[in-house]
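Inside the fold
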Amino acid sequence: MMSELGGARAHAGMLLWALLVGLSFPAVGLMSEGLPPLLLTAIRFMIAALALWPLVRHAPSLRPGRAGLLLYALMGLCLTGFFGAMFWAAHRASAVSMATLFVSVPLLAYCLGLALRVERLAWRLPSILLLGALGALALAWAESGGDWAALRFGRGEAVFFVGCIASALYPVLSKWGLERGWLSASAGVRTFWSLALGGALIALAGLARGGAAELARLTLGDALVLVYLGLFSSGLTFWLQQRATAVLTPGAVTAYSYLVPFVSMLLLFVREPQQLDWTWLPGSLLVILAIALLLRRDVTQRRAAAARNNSTASPGRG
């Protein structure tokens, strides 16, 4: 029963994660142009880490061991790799190409999870991930107006794909470290360390690009948006992801990224109802179907595990 409850909370949390991530894009659009994106991301992460500090400072597992610290550093490097690649590729790759490449993250997470033995070789989860990827691709097609002319694979796309691999590796390393006892059992502690170290590394990358002077353009409105993004789009979303990672596999956790373009689509319809047409329907249905199958698969697995545990325990009761 507790296992089923934990699984339900993990899935509900990831649904909230998809909503928060989808809402973060319009929030970012409210900020002034010309601000250094890497340094803004570092500030977001630092705001999130500072907000988490009062909640985790008395946690018994706050201070990691040598292996844990190294793993947290690698997780921070994954965040740096993804955001660094995304911002570098933003002006060198088309939005359609980047959106298309990003749908590979759940499948990459599943394959990397197989390599580190935190995923099991089976057909159901990869099939669900493939279905969700097709739905996300269909949404990208609808967003591009049915035009794939901008789809190409050059140096910008290659760098962004490396960033996608880094993004997929983050939950895999989290799960791998948890199973070995190297990382804290507290989702808050894991979130704090990965954001703090990731923020520091991203800040170094941003300073190396010489963006510090551009921060002088930051207005009070920009600062308020940054605080919102730090607390909700970084702190809360990473905590929800870490909490789900303790219960779900990396492939199942990252599958919820397929819902992000769906949320963005709904926001587009609210702002511009005239954009609503049938081209959005196939992708929407495929994404919803993939998430529904993911939930059904998890419930079925947990009930089967509970039945096995009960059948094993029943002889001892007599």
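Here the structure is a predicted model, which is why all the values come from computation and not from measurement.

All right, on to the overall build of the protein chain then. Secondary structure summary: the protein chain contains twelve helices and zero strands in total. Mapped from its N terminus to its C terminus, the protein chain presents α and β elements in the order α-α-α-α-α-α-α-α-α-α-α-α. Its C-alpha atoms give the protein chain a radius of gyration of 20 Å, within 12% of the compact-globule value 20 Å for 318 residues. Projected onto its principal axes, the C-alpha positions of the protein chain cover 75 × 50 × 35 Å. Counting all 318 residues of the protein chain, 46% fall into the buried class. Expressed as a percentage of contacts within the protein chain between residues at least 6 apart in sequence, the contacts between residues at least 24 apart total 88%. Just so you have it, the protein chain exposes about 15,900 Å², and 68% of that area is on carbon and sulfur atoms.

Two numbers describe a pair of packed helices, the interaxial angle and the distance between the axes. Running from amino to carboxyl end, helix α3 (residues 66-89) crosses helix α8 (residues 187-208) at an angle of 55°, the nearest separation of the two axes being 8 Å. By the angle between their directions, the pair α3 and α8 is classed as oblique. Seen along the crossing, α3 lies across α8 with a hand that is right-handed. Judged by residue contacts, Leu69, Tyr72, Ala73, Met75, Gly76, Leu77, Leu79, Thr80 and Phe83 of α3 engage Val189, Arg190, Trp193, Ser194, Leu197, Gly198, Leu201 and Ile202 from α8.

Attention shifts here to the packing of helix α5 (residues 105-115) against helix α6 (residues 124-143). Where α5 meets α6, the closest approach of the two axes is 9 Å, and the angle between their N-to-C directions is 160°. Classified by the angle between their axes, α5 and α6 sit roughly antiparallel to one another. As for the relative orientation of α5 and α6, their crossing is left-handed in sense. Together, Pro106, Leu107 and Tyr110 of α5 and Leu125, Pro126, Leu129 and Leu130 of α6 make up the contact between the two elements. Of the residues belonging to the contact of α5 with α6, the class tally is seven nonpolar, no polar and no charged.

Here is what the cut-offs are and how they apply
- Residues numbered from 1 in each chain as written.
- Predicted model: local features only at pLDDT ≥ 70, side-chain atom pairs only at ≥ 80, totals over all residues.
- Heavy atoms only, no water.
- Helix = DSSP H or I, 4+ residues; strand = E, 2+ residues; numbered from the N terminus.
- Rg over C-alpha atoms; globule rule 2.2 N^0.38 Å.
- Buried < 20%, exposed > 50% of the residue type's maximum accessible area, 1.4 Å probe, protein only.
- Contact = heavy atoms within 4.5 Å.
- Areas by Shrake-Rupley, 256 points an atom, 1.4 Å probe, with all protein chains shown as cover.
- Axes fitted to C-alpha atoms, helices over the stretch in contact; angles between N-to-C directions.
- Parallel < 35°, antiparallel > 145°, perpendicular 65-115°, else oblique.
- Left-handed = near helix turned anticlockwise from the far one by under 90°.
- Nonpolar A, V, L, I, M, F, W, Y, C, P; charged D, E, K, R; others polar.

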